[in-house]
Amino acid sequence: MSAPHEPYFTVLTDPKFLRANLTDEARREFFAGGETLVDFIWRTIQLRLSPDFAPTAILEYGCGAGRLAIPLARRAARRGGTVTAVDRSPEMLRTAREEAASRHVENIVFSDPETFFAQTNRVDFLVCYLVLQRLSPNEGL
């Protein structure tokens with residue numbers, strides 16, 4: 001199964017995340033897991049590295065369906081910041097856009113890698129979770 005056809009199952013391989021089985025409850029669970037992960041990352045950084053951690057220019061490379069980009073954007077918005085969500089799959093970007101819109105999250109810029117790397121970008125924080133193992137070595141570098 002590929003990302004274009006199964007944007008949720010590609011990330012979490014439980015049959016309940018297949019499009020044919022996807023319920024509103026399963027979708028809520030999918031995104032709640034992203035919120036929990038972002039909370040954990042945020043707390044860990046604040047407790048162990050930087051108590052004043054509050055990035056406003058966040059990049060999520062390999063955003064998939066937006067599972068992390070959406071909670072990251074909510075945190076960035078607290079200080080007027082944005083998230084750039086990059087994915088190589090047009091279908092994943094489409095799904096992420098729809099999910100962000102359905103949650104009224106507007107401070108995310110969605111991009112494919114070619115467009116992103118053709119620009120000059122500055123980020124305070126980079127998230128690349130469950131992505132590098134899916135890329136060829138050249139793409140990863």
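In the block above lies the structure referred to throughout.
Everything numeric here is computed off the predicted structure, so don't read it as measured data.

Details of the sheet that holds strand S4 (residues 125-127)
And step 1. Spatially, the four strands line up as an open sheet ordered S3-S2-S1-S4, and their pairing is parallel. Taken across any chain shown, the strands that pair with only one partner, and hence form the sheet edges, are strand S3 (108-111) and S4. The mean angle between the axes of side-by-side strands here comes to 20°, regardless of whether they run parallel or antiparallel.
And step 2. Sheet topology places strand S1 (residues 57-61) next to S4; three bridges connect them, and they run parallel. The residue bridging Ile58 from the neighbouring strand is Phe125, located in S4.
And step 3. Sheet contacts for helix H3 (residues 90-102): strand S2 (82-86) and S3; angle to S3, the most-contacted strand, approximately 165°.

Observations concerning the pairing of S1
And step 1. Counting buried positions along S1 gives five out of five residues, so the element sits mostly inside the fold.
And step 2. Bridge analysis of S1 against S2 gives five bridges, and the strand direction is parallel. By the bridge assignment, Leu59 is partnered in S2 with Thr84.
And step 3. Handedness of the crossover joining S1 and S2 through helix H2 (residues 69-77) is recorded here as right-handed.

About the cut-offs
- For every chain, the first residue of its written sequence is number 1, and the numbers climb from 1 along that sequence.
- Per-residue local features are limited, in this predicted model, to residues with pLDDT of at least 70; the limit for side-chain atom pairs, both in listing and counting, is 80 or more; totals at the level of whole chains, interfaces and linings are taken over all residues.
- Side-chain measures were taken over the full set of non-hydrogen atoms in the model, leaving aside hydrogen atoms and water.
- Any two strands between which DSSP finds at least two bridges are classified as paired.
- Numbering of helices and strands starts at the N terminus; helices are DSSP runs of H or I of at least 4 residues and strands are runs of E of at least 2.
- Throughout, an axis means a line fitted to C-alpha atoms (over the contacting stretch in the case of helices), and angles, computed between N-to-C directions, take values from 0 to 180 degrees.
- Only heavy atoms enter the contact rule, under which two residues are in contact if any of them lie within 4.5 Å.
- For each residue, the accessible area found with a 1.4 Å probe, counting protein chains only, is set against the maximum for its type, and the residue is called buried under 20%, exposed over 50%, and partly exposed in between.
- When the strands point away from the viewer and the connection leading from the first strand across the helix to the second strand turns clockwise, the crossover is called right-handed.

Function-wise, these values are silent; they only describe arrangement.
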